[in-house]
Amino acid sequence: MVPETTEMILGTRNHGKIAEFRSLFKGMQIKLLSFYDFPDVPPVVEDGKTFEENAAKKAKTIAKATGRIAVSDDSGLEVDFLNAVPGVYSARFAGERATDRENARKVLKMLDGVAWEERSARFVCVICAATPKGKTISAEGTCAGTISFEMRGSHGFGYDPILVPDGYQMTMAEMEPELKNSISHRADAMNKFRKVLKGFVQGQKK
Ligand code: IMP
């Protein structure tokens, strides 16, 4: 018997993320659709207090609007010295229209004079899938490291120029994309998510 293909919609307009998700779902009996197939899906306000809340809110809203399983993610940087800030405010830390460099510069300024040992931080990513009826599963991934004293590197995006992952001396932005993508919070979350997704999809077919 040929297994039935499940349609699934990705809750992101970011082409880099769409490509990452496509490779994640490779080999699974899933047809991936994107926002571009559903132009009428309403925008989702990311006002949750945690990455998990935001990812679930996006996935649930899109699943309800499209009648399909939806997958969304939310991610950001947590700095221990700043009590896990910028966290869910990572994208707009230095203001609604702030650039990546302005956000990173603000973190460096807030850590001015703070010793290396006290600059621990981590990238966090939560991936969530939701059904149109509101059932959800999620997986969290992290990439721990230390905030550098200055911006270094030109690869990647966001706070990559200021996070030195544990076990390395270069920042994420100094790494080749292949290396970053193999150790990142998103890769960690995706590996965990892949494991729970199969059962979730099978459960929907019953
Ligand atoms: P999003 O929820 O994945 O869109 O990420 C929100 C914000 O977190 C981004 O605007 C970045 O500032 C930061 N961020 C998320 N992932 C990364 C990453 O891989 N490197 C650096 N910054 C990131």
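Everything below is about the structure shown above.
So, here's what we can say about the structure. (Residues numbered from 1 in each chain as written. Predicted model: local features only at pLDDT ≥ 70, side-chain atom pairs only at ≥ 80, totals over all residues. Heavy atoms only, no water.)

1. Re the overall build of the protein
Our working definition: Comment: elements are numbered from the N terminus, with helices defined as DSSP H or I runs of at least four residues and strands as E runs of at least two. Where accessible areas are quoted, they stem from the Shrake-Rupley method and a 1.4 Å probe; at the residue level, only the protein chains shown are allowed to cover. Neither His nor the chain termini are counted; the positive set is Lys and Arg, and the negative set is Asp and Glu. For charged residues, the charge sits on one atom: NZ in Lys, CZ in Arg, CG in Asp, CD in Glu.
In terms of helices and strands, the protein carries five helices and seven strands. Secondary structure elements in the protein, listed N-terminal to C-terminal, are β-α-β-α-β-β-α-β-β-β-α-α. Surface summary for the protein: the accessible area is close to 11000 Å², and the carbon and sulfur share equals 51%. Placing the 30 positive and 27 negative side-chain charges of the protein at their respective mean positions leaves the two points 7 Å apart.

2. Quick look at the site of the ligand
Cut-off, in case you're wondering: Nearness of a residue to a molecule or strand requires only that one of the residue's heavy atoms be within 4 Å of it. Polar contact is defined as a pair of N or O atoms within 3.5 Å, subject to the rule that within protein one atom must be able to donate a hydrogen and the other to accept it, and that residues adjacent in sequence are counted only when both atoms are side-chain atoms. Gly counts as polar in this scheme, as do all residues outside two lists: the nonpolar Ala, Val, Leu, Ile, Met, Phe, Trp, Tyr, Cys and Pro, and the charged Asp, Glu, Lys and Arg.
Around the ligand sit 14 residues in total, of which K17, S75, D160, K180 and R186 are the nearest. K17 has a polar side-chain atom sitting 2.8 Å from an oxygen atom of the ligand. Note that an oxygen atom of the ligand is positioned 2.8 Å from one of the side-chain N or O atoms of K180. Across the complex, the protein chains shield 87% of the 480 Å² of accessible surface that the ligand would expose by itself. Elements that contribute at least two residues to the shell around the ligand include exactly β3 (69-79) and α5 (185-205). The biggest single contributor to the shell around the ligand is β3, with three residues. Split by residue class, the shell around the ligand holds four nonpolar, five polar and five charged.

3. Digging into the packing of aromatic side chains
To be explicit about the condition: Aromatic pairs are defined between Phe, Tyr and Trp rings, using the six-membered ring for Trp, whenever the two ring centres lie within 6.5 Å; interplanar angles under 30 degrees are classed as stacked, those over 60 as edge-to-face, and all others as tilted. Buried, partly exposed and exposed residues are distinguished by accessible area as a fraction of the type maximum, computed with a 1.4 Å probe on protein chains only: under 20%, between the cut-offs, and over 50%, respectively.
Throughout the structure, instances matching the rule amount to two aromatic pairs. Look at F21 and F25: their rings are 6.3 Å apart centre to centre, the planes differ by 15 degrees, and that puts the pair in the stacked class. Given a relative accessible area of 4%, F25 falls into the buried group. Between W116 and F149 the ring centres are 5.8 Å apart and the planes differ by 45 degrees, which places this aromatic pair in the tilted class.

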